[in-house]
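Next come the chains, spelled out residue by residue.
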Amino acid sequence: EGMALPQRIFPPEKICMDWQQRQRPGPGLLNLGNTCYINVILQCLTYTPPLANYLLSHKHSQSCQQQGFCMMCTMEAHVRKVLCSSASTVLPGAVLRDLKSIGEEFEYGRQENAHEFLRCTLSAMHRACLSARHNLDVSSQETTIVHRIFQGFMKIRVTCSSCQAVVDYYKAFLDVSLDIRAASSLITVLENCMTSKQLDQKECFRCSKCKKKAAASKKVTVHRAPRVLTLCLERADQWTGTKISKFVEYPEYLDLRPYMSDTAGEPLLCSLYAIVVHSGDTCLEGHFFCYTKASNGLWYKMDDESVDNCDIHTVLGQQAYLLFYAR
């Protein structure tokens, strides 16, 4: 509603949100020196049910015609190695070898940011899906399996304070970054984000009805929820650069309905299945580890080579950096 449909779309894959088979978690991942940021994202993506189901089906590799490095084929091989082999530990060698193909800014052996690596990984997977397709319009490009799983749309409604004229804009997202400085819970952060705010003078609004610059308010809502919602709790203070180490409460189950453009429908429940934690005094150093929910329904702490079972109370008590929720 209010958005143009793709002119051409990729074949609509049957996206299965539930695990096709239930088993214990796979092995941990070797750290070859400051590669923990890679390991946590690979583990979180490996235990993303709709993505893992697709990768385990071989659908991409069976039709891939890309020459050289392909991030989808690399992820497919990695997920199969983790979930289907009996290895005690796995070395994500192909990812390390082609790190520059994933993101030019990454330097092997240097501590990097897990959120940036997630964004670059999804982008590389998306590009791999488009490699054999040419001259696709933008909306059609956004129908790859990656966008079908992770992409949602925000609606930005701007209302003229003078004549009450309304203009709606739509913005696609694969993850949402949240300012946690003034809140102690995820619910409070989301409520703050969705509260109508006055535009400041820098965001000058020219009203098409008044035919002049006017004061206006802006309200942001989730117009279309993704199948997998990824939230980044911004731990770096944008003014001082120091790390925000406070605890922000987050639920195991999140209802997105109160934050949608249409708040009148059925509850839109999402379930937490993975989190990334950063330990360390500053954002420029330290260590990343993660907690993921395996296909057997149990939670595990994954810290490079080690994989240890834990309970949900431990998971919900962390200073989370990234939160992964599945519809």
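Further up the page is the structure itself.
None of these values were measured; they are calculated from a predicted model.

Definitions and limits used
Residues numbered from 1 in each chain as written. Predicted model: local features only at pLDDT ≥ 70, side-chain atom pairs only at ≥ 80, totals over all residues. Heavy atoms only, no water. Pairing = 2+ DSSP bridges. Helix = DSSP H or I, 4+ residues; strand = E, 2+ residues; numbered from the N terminus. Contact = heavy atoms within 4.5 Å. Axes fitted to C-alpha atoms, helices over the stretch in contact; angles between N-to-C directions. Parallel < 35°, antiparallel > 145°, perpendicular 65-115°, else oblique. Nonpolar A, V, L, I, M, F, W, Y, C, P; charged D, E, K, R; others polar. Buried < 20%, exposed > 50% of the residue type's maximum accessible area, 1.4 Å probe, protein only.

So, the sheet that holds strand 4 (residues 166–173)
Moving on, step 1. One open sheet holds the 4 strands; their spatial order is 4-3-9-6, and the pairing between them is antiparallel. The open sheet has two edge strands with one neighbour each: strand 4 and strand 6 (197–198).
Moving on, step 2. Direction of pairing for strand 3 (residues 152–160) relative to strand 4: antiparallel, over a ladder of 8 bridges. When the sheet's bridge partners are listed, F153 is paired in strand 4 with A172.
Moving on, step 3. The strands touched by helix 10 (residues 186–194) within the sheet are strand 6 and strand 9 (216–224), with strand 9 carrying the most contacts at an inclination of about 125°.

What to know about the packing of helix 4 (residues 71–84) against helix 7 (residues 114–130)
Moving on, step 1. Between helix 4 and helix 7, the shortest axis-to-axis distance is 7 Å and the interhelical angle comes to 115°. With respect to helix 7, the element helix 4 is oriented roughly perpendicular. In this structure, helix 4 uses M71, M72 and M75 to contact helix 7, whose residues at the interface are T121, A124, M125, A128 and C129.
Moving on, step 2. Looking at the contact of helix 4 with helix 7, its residues break down into 7 nonpolar, 1 polar and no charged.

Considering the pairing of strand 10 (residues 228–234)
On a regular strand, one side chain projects to one face of the sheet and the next to the other, so that they alternate.
Moving on, step 1. For strand 10, a buried count of 6 out of 7 residues is recorded, marking the element as mostly surrounded by other parts of the structure.
Moving on, step 2. Sheet topology note: the strand 5 (residues 176–179)/strand 10 ladder contains 4 bridges and is parallel. Considered in strand 10, the bridge of V176 is made with L231.
Moving on, step 3. Pairing geometry for strand 10 and strand 16 (residues 320–326), over 5 bridges, is antiparallel. Bridging across to strand 16, C232 finds its partner in L322.

Quick word on helix 2 (residues 49–56)
Moving on, step 1. In terms of burial, helix 2 is largely enclosed, as 8 of its 8 residues are buried.
Moving on, step 2. Those residues of helix 2 not exposed but buried are P49, P50, L51, A52, N53, Y54, L55 and L56.
Moving on, step 3. Count one or two residues on from helix 2 and you reach H58, which has phi positive near 65°.

With respect to the pairing of strand 12 (residues 269–279)
Moving on, step 1. Burial analysis of strand 12 places 9 of its 11 residues in the buried class, which makes it a mostly covered element.
Moving on, step 2. Pairing geometry for strand 11 (residues 253–255) and strand 12, over 3 bridges, is antiparallel. Following the sheet pairing, Y253 is matched in strand 12 by S271.
Moving on, step 3. Bridge count for strand 12 against strand 16 is 6 bridges, and the pairing is antiparallel. Each residue of the ladder has a partner; that of A274, found in strand 16, is F324.
Moving on, step 4. When strand 12 meets strand 13 (residues 287–293), the two strands line up antiparallel, connected through 6 bridges. Of the residues in strand 13, the one forming a bridge with V277 is F289.

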